[in-house]
Amino acid sequence: MPLTGLKVGLIGGGAMGEALATGLVKSGAIPQTDLVVSDVSAERLRWLEETLGIRTFQENRPLANKADIVVLAVKPDVVAPVMEEIGPILHPGQTVVSIAAGVPISIIEKHIPRPVPVVRVMPNTPCLIGEGASAYALGSHAGSRDAARVEAVFTSVGRTVAVEESLLDAVTGLSGSGPAYVYMMVEALADGAVKMGLPRETALLLSAQTVLGAAKMVLATGKHPAELKDRVTTPGGTTAAGLFVLEQRGVRAALIEAVSAATERSQELSKGKKT
Ligand SMILES: NC(=O)c1ccc[n+]([C@@H]2O[C@H](COP(=O)([O-])OP(=O)(O)OC[C@H]3O[C@@H](n4cnc5c(N)ncnc54)[C@H](OP(=O)(O)O)[C@@H]3O)[C@@H](O)[C@H]2O)c1
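The structure displayed is predicted, hence computed values, not measured ones. (Residues numbered from 1 in each chain as written. Predicted model: local features only at pLDDT ≥ 70, side-chain atom pairs only at ≥ 80, totals over all residues. Heavy atoms only, no water.)

Participant: What is the right way to look at the site of the ligand in this model?
Facilitator: By nearness alone, 20 residues border the ligand, and Ala15, Met16, Asp39, Val74 and Thr125 come closest of all. One nitrogen or oxygen atom from the main chain of valine 74 is found 2.6 Å from an oxygen atom belonging to the ligand. Interatomic distance of 3.5 Å between a backbone N/O atom of proline 76 and an oxygen atom of the ligand. The fraction of the free accessible surface of the ligand (890 Å²) that becomes covered by protein chains is 73%. Assessed atom by atom at 2 Å from the grid points, the ligand resides in the second largest pocket. Breaking the shell around the ligand down by element, the ones donating at least two residues are helix H1 (15–26) and helix H4 (76–86). (Near = heavy atom within 4 Å. Polar contact = N/O pair within 3.5 Å; in protein donor to acceptor, adjacent residues only side chain to side chain. Areas by Shrake-Rupley, 256 points an atom, 1.4 Å probe, with all protein chains shown as cover. 1 Å grid on protein atoms, 1.4 Å probe; cavity = no way out; pocket = protein on both sides within 12 Å on 5 of 7 lines; lining within 4 Å. Sits in = over half its atoms within 2 Å of the grid points. Helix = DSSP H or I, 4+ residues; strand = E, 2+ residues; numbered from the N terminus.)

Written out as structure tokens, the structure is:
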């Protein structure tokens, strides 16, 4: 077990910090005694202590002193001040993990005077229910030990893959923004069924479960989605009729362009272009 005996410290106990803390505790990846969270909000910390039975600090430095894995789960604009605070006390036995969107590894490394491993992760919102899709990139001092640590942390809230840092914008365009594309699809599929007479609640349940089931089929069988599609498309049948409309309306090309546009926007935002 890569996390055995290691202490994990989460700086920022907001939505993502809570998701990671919950995943780590509920999956049994680490005992509660090995997890600490720091946040500026005393109320937030009290809630995390009471709900998860973990220890908390209102200061970041005691956490950065104790933790083997220090996760930066604060908003991107708070990363620099937090690193100014903790950078000087970090040492190479630790792994610093940043989930801040658009903050390059080099910015974090710049704040640390020693060769401390840094890993940048791009998670997504389904981490909140343990079904996240996360990709990580290793910094210049990070190696297999750090990759194993990060995989152990993020596997507790979903699936994790390694990529080059330059590909994290494409990850943002796919799995970062992707839940919103799928919500739109779930809504539209349900709208189609409502148009044809199904009650709204029934339509939404069937639509969401269909998306979930199809996604699980891809992951569980390891088969190419085109093969799975062909298997359920009877010649002259209902699915063929539906697929023809999707092809005619350019749904495939629209999704490809959506991922490209979101990736390009992520690249712009990383370079500080706000509009
Ligand atoms: N949410 C997502 O789906 C998602 C997906 C991918 C990446 N991310 C990244 O994850 C990071 C966290 O996002 P989030 O949605 O969890 O944000 P969030 O809910 O705002 O959580 C951040 C927490 O950090 C606290 N904080 C602020 N300043 C601090 C400081 N100096 N030291 C310690 N804690 C401090 C905040 O307190 P206050 O609220 O009182 O300021 C808040 O509780 C972001 O960088 C984001 O880019 C999020």
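Don't stop here, the text continues.
Participant: What's the story with the domain arrangement of the protein chain in this structure? I'm lost.
Facilitator: Interfaces are frequently sized by the accessible area removed from exposure as the parts join. Split by domain assignment, the protein chain resolves into domain 1 (8–168) and domain 2 (176–270). Counting from both sides, the interface comprises six residues of domain 1 and, opposite them, five residues of domain 2. Together domain 1 and domain 2 conceal approximately 430 Å² of surface at their shared face, both sides included; 56% is due to carbon and sulfur atoms. Linking domain 1 with domain 2 are zero salt bridges. At the junction of domain 1 with domain 2, the criterion picks out zero residue pairs in polar contact (both at pLDDT 80 or more). The residue inventory of the side of domain 1 that touches domain 2, partitioned by class, reads two nonpolar, three polar and one charged. (Domains from an automatic or database assignment. Contact = heavy atoms within 4.5 Å. Buried area = accessible area lost by both parts, 1.4 Å probe. Salt bridge = Lys/Arg side-chain N within 4 Å of Asp/Glu carboxyl O. Nonpolar A, V, L, I, M, F, W, Y, C, P; charged D, E, K, R; others polar.)

Participant: Help me out: how do you make sense of the packing of helix H8 (residues 178–195) against helix H9 (residues 200–221) in this one?
Facilitator: Packed helix pairs are specified by the crossing angle of their axes together with the interaxial distance, meaning the distance between the axes. The N-to-C vectors of H8 and H9 enclose an angle of 135 degrees; their axes lie 8 Å apart at closest approach. Judged by the angle between their axes, H8 and H9 are oblique. Between H8 and H9 lies a crossing of right-handed hand. Of H9, the residues touching H8 (which contributes Val182, Met185, Val186, Leu189, Ala190, Asp191, Ala193 and Val194) are Arg200, Ala203, Leu204, Ser207, Ala208 and Val211. Split by residue class, the contact of H8 with H9 holds eleven nonpolar, one polar and two charged. (Axes fitted to C-alpha atoms, helices over the stretch in contact; angles between N-to-C directions. Parallel < 35°, antiparallel > 145°, perpendicular 65-115°, else oblique. Left-handed = near helix turned anticlockwise from the far one by under 90°.)

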